[in-house]
Amino acid sequence: MIQLCSNDDPPVSFTVPRKAVELSKTIKTMLEDLEGFDMEQTPIPLPNVDAPTLELIVKWVEQHQDDPPPVEKPRVEDDDSDDSDADDDQEPEVVIPEWDKKFLPTDDEQKNQLFKLLNAANYLEIKPLLDIGCKYVADKISGQTVEWVRDYLNMENDYTPEEEAKLKEEIAWAEGL
Amino acid sequence: MSTDTMLLSLPNELLRRILEFLPYDRVCVCRMVCRQFDRVAKQHLNTGFRRLEQFHGRSMAKVKQHLPRRESERRSHPLSRHSDILTAIETRLSLLGMTYNKFIDLDLCCFIPGKVLDETFAILRVLNHSLDDKTQPARPHELLQELRDISSMAMEHFDEKMAPFLRDRALSGCSPVKNARDSLSMVMIGAMRCNASAPMSSSSLLPPTLPSSSSGSLLPSCSSINPAPSSLTAGDVDGRTERLHARVKISRKMLQYDSLLTDFATDYNSRTGEDDVEQQQPSTSRQAEKLNQPSPKNRSRKRQIAEATDEMVVEKKRGRRAKRQ
């Protein structure tokens, strides 16, 4: 079992089976690098994750610890700077499983918790969790107005009126399609 | 952690991940949200165009693997329609590249028409599926109609509304030209400048290399190429730059011409019910010759004659060789 500590003061610690915690690439790599040390007695501090978020992460990894590992696609040699692993030959397909649908903090009041979860999943490199979280946000903002998206993502309109008009003109070619 | 509660504090990488689950068309609209979103979306759209070109290349290679080398055999091959469609898409992509790439390289804009990316990806996936299932895709003109329409709309809009403004920005010196590869960017700006004085229009599609007699009944004749500007910016232009600049312009015109021919060939074959549209992009002179012919009937008859002649020549050669031996 491995102990994970949140960034709160005092830190909150969670004990997680090693198999589950290894769903995080960041922690897995660290554990491999520290092979030989008794990691079961050493709590791992996670400076970018608070207790409620870490609790969600722990819940998710425990639920998915027995999932088959995702198939790693061979990297194309000449695939220059593009760091995306999207496979263009197929329609991008991420289906959010039923359990995960209930698990994700999807209420509008909880949206900041969802964003914290995405941040943590990104920091800990838990790709499947990141995928379903991003897919959920993408579905949510799809088909909404620009103002709605701005509000949902806590973003501010930092364009000048002239810039905004120019950008509108730029994308206006598809109007009426 | 207060800032962490905002998605704004998320790394751009995460925003890009979200965008990957959206259609490119939607990504374009999302550029209006804020500057950060715009930066990430622009990068995503540019990458999308690169990926599309790579995907097209892979699809083309896959089809070409199965096609016979000889053109006459290729026409009756079950994959001829796949090849037709891919060739038409290739021309479209080249045209789009000619329109946007020089501005993208100078960081003046991104690949704006996301809808074109969505449509082309969809067509390529349909083609790949039909290749795997060993079924025939829809007729080229049906499958490509939407792509042709929207890509032309996008390019026309860009040439009319965006390009003049971007050119002014590039030439006024407020563009980030410092990042661009020096001589190349100067050539590109030169080409832009030249286009500004002679905007590309559908009425000037024939390449300037064509003899006047070949500007046949199907297309209006070409306006002559404008002389290269005598200077781009003070002290930066020499004869070499001008020659390169002229080359850029000529190749653009050639591609537009090719596109028109491909479209014409596809339309013609769909009307006459033939499936054996010519696979290759023929050389310019052959294309010009084709255009000069008054009727489609004549065209196909001449083609048959030309092929028969080719066969005869080959047979003769074989005969001679046999005699010598």
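Residues numbered from 1 in each chain as written. Chains lettered and ligands numbered in written order. Predicted model: local features only at pLDDT ≥ 70, side-chain atom pairs only at ≥ 80, totals over all residues. Heavy atoms only, no water.

Looking at an unreviewed UniProt entry, one finds chain B named F-box domain-containing protein, with Plectus sambesii as its source organism.

Quick reminder of the rule: UniProt positions are given in the numbering used here, feature names are shortened, and annotations may be inferred rather than shown by experiment.
The name given to chain A in an unreviewed UniProt entry is Skp1-related protein, with Plectus sambesii as the source organism. Looking at the Pathway (unreviewed entry) heading of the UniProt record, one finds this comment for chain A: "Protein modification; protein ubiquitination." One UniProt comment on chain A, placed under Function (unreviewed entry), says "Probable essential component of SCF (SKP1-CUL1-F-box protein) E3 ubiquitin-protein ligase complexes, which mediate the ubiquitination and subsequent proteasomal degradation of target proteins. Regulates cell proliferation during embryonic and larval development."

### A word on the pattern of salt bridges
Heads up, the condition is: Should a side-chain nitrogen of Lys or Arg be within 4 Å of a carboxyl oxygen of Asp or Glu, the pair is scored as a salt bridge. Only DSSP runs of H or I reaching four residues or more are called helices, and only runs of E reaching two or more are called strands; each is numbered from the N terminus. Here the term buried applies to any residue with accessible area under 20% of the maximum for its type, exposed to any over 50%, and partly exposed to those in between, with areas from a 1.4 Å probe on protein chains only.
By the definition in use, this model includes 13 salt bridges over all chains. Asp131 of chain A is paired through a salt bridge with Lys127 of chain A; the nearest N and O atoms lie 2.9 Å apart. Of this pair, Asp131 of chain A and Lys127 of chain A both sit in helix α6 (residues 127-141), four residues apart, roughly one helical turn. Look at Lys127 of chain A and you get partly exposed, because its relative accessible area is 36%. Overlapping salt bridges bring together Glu170 of chain A together with Arg31, Asp38 and Lys42 of chain B as one network.

### Quick look at a positive patch on the surface
Residues and elements named next belong to chain B. Test applied: Residues enter patches when their relative accessible area tops 30% and they take part in no salt bridge; the joining distance is 9 Å for like charges and 5 Å for the nonpolar side chains Val, Leu, Ile, Met, Phe, Trp and Tyr. Only the protein chains shown count as cover for residues, and the accessible areas themselves come from Shrake-Rupley with a 1.4 Å probe. When charges are counted, Lys and Arg are positive and Asp and Glu negative, with His and the chain ends excluded. Think of each charge as sitting on NZ of Lys, CZ of Arg, CG of Asp or CD of Glu.
A cluster of basic residues, Lys317, Arg320, Arg321 and Arg324, forms a positive patch at the surface. On the secondary structure map, Arg321 appears in helix α11 (residues 296-324). Residue Arg321 is classed as exposed on the basis of its relative accessible area, which comes to 52%.

### Digging into the nonpolar core
Definition in use: In plain words, nonpolar cores are sets of buried Ala, Val, Leu, Ile, Met, Phe, Trp, Tyr and Cys residues tied together by side-chain atoms within 4.5 Å.
Counting 105 residues, the largest nonpolar core has Leu4, Leu129 and Leu153 of chain A together with Phe37, Tyr100 and Phe158 of chain B as its most contacted members. Take this core: its biggest share by element is eleven residues, from helix α7 (residues 140-171) of chain B.

### Observations concerning the packing of aromatic side chains
Let me state the cut-off plainly: Between 30 and 60 degrees the pair is tilted, below 30 it is stacked and above 60 it is edge-to-face, where a pair is any two Phe, Tyr or Trp rings, Trp via its six-membered ring, whose centres lie within 6.5 Å. Criterion for a charge above a ring: Lys NZ or Arg CZ within 6 Å of the ring centre, and within 35 degrees of the ring normal.
Taken as a whole and assessed by the stated rule, the structure comprises nine aromatic pairs over all chains. Judged by centre distance (4.3 Å) and plane angle (10°), the ring pair of Phe49 of chain B and Phe111 of chain B falls under stacked. Residue Phe49 of chain B is located in helix α3 (residues 35-66), and its partner Phe111 of chain B is located in the loop between α5 (80-105) and α6 (114-133); the two are separated by 62 residues in the primary sequence. Relative accessible area serves as the criterion here: at 3%, Phe49 of chain B is assigned to the buried category. Through a chain of ring-to-ring contacts, the aromatic side chains of Phe49, Tyr100, Phe103, Phe111 and Phe158 of chain B assemble into a single cluster. Across from the ring centre of Phe165 of chain B, 4.1 Å away, lies the NZ or CZ of Lys166 of chain A, which sits over that ring.

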